[in-house]
Amino acid sequence: MTRITIDGRAVEADPKKPLIHACHQHAAHVPMYCYHPGLTPVGSCRICQVEVKQGEMPARVVVACRTPVAEGMVVDTEAPKAHEARRQCLEFLLKNHPLDCPICDKAGECDLQDYAFLENQGQGRSVEPRRKLEKRKSLGEVIVLDEERCILCSRCVRFFEEVTKKPQLTVAGMGARSVIATFADRPLEGNYQGNIADVCPVGALTLKKFRFQARVWNLKKTPSTCGECSRGCAITVEVLRKGEVKRLRPRYEPAVNQWWMCDHGRFSFERFNAEDRLQGAVAYGPRGAEAIDVEQALDAAAGLLRVHGPPAVYVSPWLTVEEGERARALAERVGAPPRFVAPPPSPLKDDLLHTGDPCPNRRGLVELGFSAVSAAEALEGLRSAACALLIGERIVELVGEDALRSLPAALRLVVLDTTVPAASASSLSIGVPNAVERTGTWVNVDGHRGLLGAARPAPSGVAPLVRTLEGLERALAAAEVAR
Amino acid sequence: VKPHETYLLDRCNREGSQRLEVYRAHGGYGALEKVLKQGFTPAQVIQLVKDSGLRGRGGAGFSTGLKWSFMPDPEKDPRARYLAVNADESEPGTCKDRVLMEKDPHGLVEGILIACYAMRIETAYVYVRGEYRLPYRRVEEAIEEARAAGLVGKQILGSAFSCEIRMHKGAGAYICGEETGLMESLEGKRGQPRPKPPFPAGFGLWGQPTTVNNVETLQNVPFIVERGPQWFAAIGTPKSAGNILVGISGHVERPGVYEVPLGTSAREILEDLAGGVWKRRKLKAWIPGGSSTGFLPASLIDVKLDHDSLREAGSMLGTASMIVLDETACTVRAMETIARFYDHESCGQCSQCREGTQWLHQIFARLERGQGRAEDIDLLTSLANGMAPGKTICALSDAAAIPTHSIVRHFRAELEQHVRERRCPLAAPEASPRRAVLGAHA
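Residues numbered from 1 in each chain as written. Chains lettered and ligands numbered in written order. Predicted model: local features only at pLDDT ≥ 70, side-chain atom pairs only at ≥ 80, totals over all residues. Heavy atoms only, no water.

Asks: Go over helix H3 (residues 30-37) of chain B, please, and point to the residues and values.
Replies: Residues and elements named next belong to chain B. All buried positions along H3 are accounted for by Ala31, Leu32, Val35 and Leu36. End-on view of H3: buried residues confined to an arc of 125°, all on one side of the axis. The secondary structure elements touched by the buried residues of H3 are helix H4 (42-52), helix H7 (105-119) and helix H10 (215-227). (Buried < 20%, exposed > 50% of the residue type's maximum accessible area, 1.4 Å probe, protein only. Helix = DSSP H or I, 4+ residues; strand = E, 2+ residues; numbered from the N terminus. Arc of directions from axis to C-beta. Contact = heavy atoms within 4.5 Å.)

This is the structure we're talking about:
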C-alpha cells in the first residue's frame, strides 16, 4: 500500500490502481466519463483533473485516471485550478450535447447530468448550432445509439476490445465529426451487448428493451443474483411501481462477474412479468380446476401422499439452499431420494461468464445430497410412480407440461410452481414465489454464495416455499397421527 | 543578415544533389565512416550531440542528445528498438523538410544511420506525409542507392553495425505528425496521440523503446560528428545552437526556404532574404513558426528567431516557418482559416480539443462574417484557457489556443471593429502567387 494524502486526509492507496481509484475509495468526488474501473484508462475525456503535489515539484493539474499513486503524493481534488479545469471541460462536453434529458432514458443516472447539476452549470455560453447527428441508430437487436448524446468516451469500444476480446465498435471520423460505429454498419453480435448500455456514461447507448419503459428514479433496486446459469452473476433487480421488473443490471462482484452480465441473463426478467401466476392453490377434480385454500391444499396433498405414497420427489435447480434443506427433509420423511431436474447444457457457454449449465444452484443442491436427473429420467420415474411431488419455480417447464399431461391418469401429482399448469397435468398445485420474490442462497459453480433479494412481494396467497414445505411436513405428520 | 555558412542548403543546391555520387564527392557519408572506423562508442556519439546543443527542429525544441540518452541500455533492456523519423511536416506554413528530402536525401540517410548507431537501433522508419510524393521517392531512392553501396543493411561499411531503413507514407492527417500519433499510425492504427507517460523511449512503436526525430534534426547530425560539437555550438545563440531552416511564406517578395543561424532577427529574414513585404506594403502581422505559434504584430519584427527570444515574446520558435501578412490582410480571416484547420484536424479524443477547436472555428467564422457579439472576444480567451496549456493528451489543443490568445492580445481592436461594423472591414485578400519553394535561398 502507498501512503498518500487526499483532500487533507492521510489514506492508503493501492499502488496498482490509478489515483482516481484511491480518490473514489476515500470518498473524494472526482467525476469520470472515459474511466471505468473495468477498462484500460485512456485519459481522453479529461474530466477527472485534480491537483497533485509530489515532493519539491510545483503542484500540477493531472488527470487522475492516468496518474499512478506515489508515496507521499498530496492530492487536492478541489484545488481552484483543478476545479476550474473540470468546469471548463464540462462546458466543452455540454457544448454539443442535445440536452434532451426529459426524453432520455439515462436521465437520473447520467454522469453528465449529475455533474452538470453538481456544478450548477445551468447556462451554456455557446450560441452555435448544436451538432446534428443520427438520433436513433440501431446497432443490432439489443442496442440503439444516439450519436448526438455520445461524448466519445470510448468505454463501449474498449468493452468489446478488452472484455469480450472481440472488437466490434470503433470511433469513426475525426474531431467533432467523430461517431461511434460498427464496421460497415454491421449489427452487433454476441451475448454481451447489453453491457455497453451500462458502461455508457450518458444516454447514447440504450437498451431497446428499456427504451421509454421507465424513469429510473421510479425503479426500486434490489441486490440479487442472476439465475440463468451456474455463474450466478451479482445483479440488481429493478422493479417499477406495480411490481413489473423493468431491468436486471450487473452489480459489481469481484469474485464472480466483476461489472458484467450476459444478455441472456439480462433479458431473462421478462419471465418474471408473465401474468399466469398461480395465487393460492388449485385442485383438479372431476369438475375441473377449483381454487382452494392453501391450508386445505396442504391437507389434501398430505392425504394424497399418504394414500398413494411413497411418492417420487423432484425439485427444481432454482431452489435455494434454504429451500433445498426443507425439500430434502421432506423427501427423507416420505422416503424418496432427493433429486433435481437439470435441463440440458446451454449452447451459450463461453469463456467469459456463461457456464453453459442452466442450474443456478446445482452446486448447492449437490452439496445437500441431491442428485441431478434429466427431464427424460424424471418422466420415467413419474411414469412408474403412483404419486409424485414436484417442487420449485419452473419445475413444470423443466419436465415439460405436455409430457406431464401424457402421464398415466392414475398418477397423483402435487406441483409447487409459480404458474398454473394446464388441467390434468396435476392433481393439486400450490403457488410459490419466483426468483425476484424471495430471499435465499444459490451456490455458484465456483462455490460462491450468491444471495437472492426479494425485489417485490409475492402475489397474494403465495407463501415462501420454505413455509409451504414446512406446512406440508406438518400436514403429513398430522395425517400420520390421524391414521 | 550577416554572412554565414549555409551548410544544410549548400548541399541541396548542387547539381544532382540527390544522387549518392554527388553526395559522396562532397564528403558525404564521411561522418558515418568516422563514427564506424574511428571507434566511436555509441555513448560518445550521444555525448557529441549533447555537447553540440542541438535542439529538435520539429517544433518542441527538446535537446536531441538528451532525448537519445533516454533510450534504455540494451544490455539491461534487450527489446527491439526503433527510430521513427518524423517527415510528416504537417504544420501549416512549414516546408523545410520537403526541401531537405528532395534535395539532400542522403544527408537524411546518413543522419539516420548515425542516430541509429548512437542508440543501437537496427530499424528506422521514415514516416513521410502522404502528399510528399517526390520527397518520398527521393528518400526511397537514396536508401536503395545506399544499400547497394553497403551503407544500409547488414554490417555497414564492414563494421558490426547493421541498420535497416523502411519508408511509410502517411495519409494526410496533421495529428500523425505528433510523435505518438505517428507511432499509432505506423502501427496501422487510427492516428491518435497516446497519453504520456509512458514515453516513447520506454514504450514506443509496438511497445518497444523508440525515439522520434525530425528530418532537419537528423540532417544536422553528420555535420556535428564531422566538424565537432564546438563548431556547432558556436553557431547561433548559447541556448539555441546551429543553423535553422526558415520557410517564409505569405505576403513577401521572395517566399522560400532560407538557412540562418538561430538568433537571426525576423526583420533580417523578412527584409534581407525574403525581399520584404510584397508590393512595398507595410507589415501588419507575422507568424514566427507555423500556424500554432500565433500572430505577432509588426512592432515585434525585431524579435530574434530562437527558442528563448520567442518564448519571451509570448510565442514559440515552432518549426521556424514564418507567415507574413501585409497591411491589407484581415487577421480575423487569417485566424478563421487557422481555426478551421485545427477543427478539421483534431483527432477528437480529448473533450476540450474536440469541442473547443470547433467552437473557436465557429466563433471566428461568425466574427469574420459580421455576426460577432462583443462578448465573443472574452469568450475566445476563456475557451482558449480551457483548452490549454497542458490540459489535453497532446498539444493540438494548445496549437489552436495559442493563436487565439495572440489574436485577442495583439489584434483586439480589429476583432472589436468586426463586431462594431458587423462586417469584415477589409476587402477580400489577394491570392498569394504560387511559387516554387525549392532552393530559393538567396
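Asks: So what's going on with the interface of chain B and chain A? Residues and values would help.
Replies: By convention, interface size is frequently given as the accessible area that disappears when the constituent parts associate. Across the contact, 32 residues belong to chain B and 31 residues belong to chain A. Together, the buried faces of chain B and chain A total about 2,600 Å²; carbon and sulfur atoms form 50% of this surface. Counting across the chain B and chain A interface gives 2 salt bridges. One can count 19 residue pairs in polar contact (both at pLDDT 80 or more) joining chain B with chain A. Elements with a minimum of two residues in the side of chain B that touches chain A: helix H14 (331-345), helix H15 (351-368) and helix H16 (374-387) of chain B. No other element matches the 10 residues that H15(B) contributes to the side of chain B that touches chain A. Its residues assigned to classes, the side of chain B that touches chain A shows 11 nonpolar, 13 polar and 8 charged. (Buried area = accessible area lost by both parts, 1.4 Å probe. Salt bridge = Lys/Arg side-chain N within 4 Å of Asp/Glu carboxyl O. Polar contact = N/O pair within 3.5 Å; in protein donor to acceptor, adjacent residues only side chain to side chain. Nonpolar A, V, L, I, M, F, W, Y, C, P; charged D, E, K, R; others polar.)

Asks: Any chance you could break down the sheet that holds strand E3 (residues 49-53) of chain A for me, citing the residues and the numbers?
Replies: Backbone hydrogen bonds are what pair the strands of a sheet, in a parallel or an antiparallel way. All names here are of chain A. The sheet built from 5 strands is open, its strands ordered E2-E1-E5-E3-E4 with mixed pairing. Looking along the sheet, the strands with just one partner apiece sit at the ends: strand E2 (9-13) and strand E4 (60-63). Going across the sheet, the axis of each strand differs from the next one's by a mean of 40°, ignoring polarity. Sheet topology places E3 next to strand E5 (residues 74-76); 3 bridges connect them, and they run antiparallel. The residue of E5 that forms the bridge with Glu51 is Asp76. The sheet contacts of helix H2 (residues 80-95) involve E3, E4 and E5, and relative to E3 the element is tilted by about 160°. (Pairing = 2+ DSSP bridges. Axes fitted to C-alpha atoms, helices over the stretch in contact; angles between N-to-C directions.)

Asks: So, the sheet that holds strand E2 (residues 123-128) of chain B: which residues are in play, and what are the values?
Replies: All names here are of chain B. Pairing in this open sheet of 4 strands is parallel, and the strands run E3-E2-E1-E4 from one edge to the other. Whereas interior strands pair on both sides, the edge strands pair on one side only; in this sheet they are strand E3 (164-169) and strand E4 (210-214). Direction aside, neighbouring strands of the sheet carry axes that sit 20° apart on average. Across 5 bridges, strand E1 (residues 82-87) lies against E4 in parallel orientation. In the sheet register, Ala84 faces E4, and the bridge partner there is Val212. The strands touched by helix H8 (residues 133-148) are E2 and E3; relative to E3, the strand with the most contacts, the crossing angle is about 165°.

Asks: If you had to explain the pairing of E4(A) to someone new, which residues and values would you point to?
Replies: All names here are of chain A. Strand direction decides the pairing type here: E3 and E4, joined by 4 bridges, are antiparallel. Following the sheet pairing, Gln49 is matched in E4 by Val63. Between E3 and E4, which pair antiparallel in sequence order, lie 6 residues; one of them, Gly55, sits at a positive phi of approximately 55°.

Asks: Residues and numbers for the packing of aromatic side chains, please.
Replies: Inspection of every chain in the model, using the stated rule, returns 17 aromatic pairs over all chains. Ring geometry for Tyr82(B) versus Trp206(B): centroids 5.7 Å apart, planes at 65°, classification edge-to-face. Remark: Trp206(B) occurs in the loop between helix H9 (179-186) and E4 and Tyr82(B) occurs in strand E1; sequence separation between them is 124 residues. Grouping aromatic residues by their ring pairs yields a cluster made of Phe159(A), Phe160(A), Tyr252(A), Trp259(A) and Trp260(A). Positioned above the aromatic ring of Phe210(A), the side-chain terminus of Arg247(A) is 4.3 Å from the ring centre. One Lys or Arg, Arg129(B), reaches over the ring of Tyr132(B) and ends 5.4 Å from the middle of that ring. (Phe/Tyr/Trp six-rings, centres within 6.5 Å; stacked < 30°, edge-to-face > 60°. Lys NZ or Arg CZ within 6 Å of the ring centre and 35° of its normal.)

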